[in-house]
Amino acid sequence: MEVCMAKVQIPLEKFGLCVITGGSSGIGEAFVNLLAVRCPECRIINLSRSPLGEIKGTNNNIHISCDLSNDDSKKSAIKELLRVIEEDSGERKKLLLINNSGFGTYDTFPDPNLQSQLDMLEVNAKAPLWLTGELLSYLRTFGGAILNVASIAGFQPTPYFATYGGTKAFLLNWSLALAEELRPQGISVLTLCPGPVRTNFFKSAGFSSPPVNQWGGLTPDQVATAGLVSLERGRNLLITGWNNRLLSFMTRFVPLRWIGRLSAFVMKKMRLEQFQTNRT
Ligand SMILES: NC(=O)c1ccc[n+]([C@@H]2O[C@H](COP(=O)([O-])OP(=O)(O)OC[C@H]3O[C@@H](n4cnc5c(N)ncnc54)[C@H](OP(=O)(O)O)[C@@H]3O)[C@@H](O)[C@H]2O)c1
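Residues numbered from 1 in each chain as written. Predicted model: local features only at pLDDT ≥ 70, side-chain atom pairs only at ≥ 80, totals over all residues.

A.B. asks: Could you give me a rundown of the pairing of strand β6 (residues 187-193), with the residues and numbers involved?
C.D. replies: The buried fraction of β6 amounts to 7 of the 7 residues, a majority that puts the element mostly inside the structure. Because side chains alternate across β6, one face comprises the buried residues I187, V189, T191 and C193, and the other comprises S188, L190 and L192, equally buried. Across 6 bridges, strand β5 (residues 144-149) lies against β6 in parallel orientation. If you follow N148 over to β6, its bridge partner there is T191. In the classification by handedness, the crossover that spans β5, the intervening helix α4 (residues 162-182) and the parallel β6 is right-handed. Bridge count between β6 and strand β7 (residues 237-239): 3 bridges; the pairing is parallel. Across the sheet, the residue bridging to C193 is I239, located in β7. (Buried ≥ 20, exposed ≤ 12 C-beta atoms within 10 Å, placed from the backbone. Helix = DSSP H or I, 4+ residues; strand = E, 2+ residues; numbered from the N terminus. Pairing = 2+ DSSP bridges. Right-handed = clockwise from strand over helix to strand, strands pointing away.)

A.B. asks: Kindly report on the environment of P128, identifying the contributing residues and their values.
C.D. replies: With respect to the secondary-structure elements, P128 resides in helix α3 (residues 114-142). Look at P128 and you get buried, because 28 C-beta atoms sit within 10 Å. Put simply, P128 and L147 are 19 residues apart on the chain and 9.9 Å apart in space, counted from C-alpha to C-alpha. Once you skip the residues sitting within four places of it in the chain, P128 turns out to touch N99, N148 and L171. (Contact = placed C-beta atoms within 7 Å.)

Next comes the structure, spelled out in structure tokens:
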């Protein structure tokens, strides 16, 4: 049996089309801004609930309103997306698909409410699978790459972030497996695993203050830049930050049943004041 180990390396300038989810904020917005500078000819199509902010130097972008937790919204968005791509595909453009949308909630399951946990599963795990499935035949025909934004939370159980960590563990393993399936077809798949990043993520997750200073977080720009460099090099996994790389490496040597406990200890520390209040 032949195993294909050759990396698929595509210079950013070769992409004529980028489909991104969650380009309206944080890491996604940084990707959009960087791509607009690096490949001004690339048409960027964003799927999220709120539109893109102002992007310097280009008006080549399209926003398709889409709530990725809602089936009806996804159905009408994919219809519009395929129509826009069809209009463009005469030029045989290489496609960069960035599955970036995601959110978490910091609480004991199922708080703040069960629906938020189910929506998280839809947005963080099912939406990347759905969008990749819908665009795969285009990728096979015209070539391209996929960048999935997972998280270091995917490397271990994450108590108080249980559903979030579960969705990212799925995305991490699914995406790495997909990389092996698609490499022989000339499609590269990068799984990007950031640690804490200074975005709206923590506010919407329910943190009173982001644990970013304490844990040494990167900016969205640094994460997106590192992601695009790794994509160009044809890598399949990027964990940003040496401390996050070390942590995810060390978890391999600790039995899984202990990791959950250790992780609970660390996660509690992130919002210590709440648990102190609860204890009194
Ligand atoms: N910040 C971190 O510390 C960190 C660490 C590791 C991984 N990540 C991952 O990085 C990705 C981007 O997060 P971020 O840090 O940039 O946070 P952010 O600033 O809160 O951005 C989240 C993005 O996801 C989109 N989104 C959320 N719910 C959605 C829905 N129902 N339908 C469509 N889009 C939705 C949002 O767009 P709309 O609100 O406009 O819909 C927004 O653009 C996420 O997958 C997150 O899990 C973040």
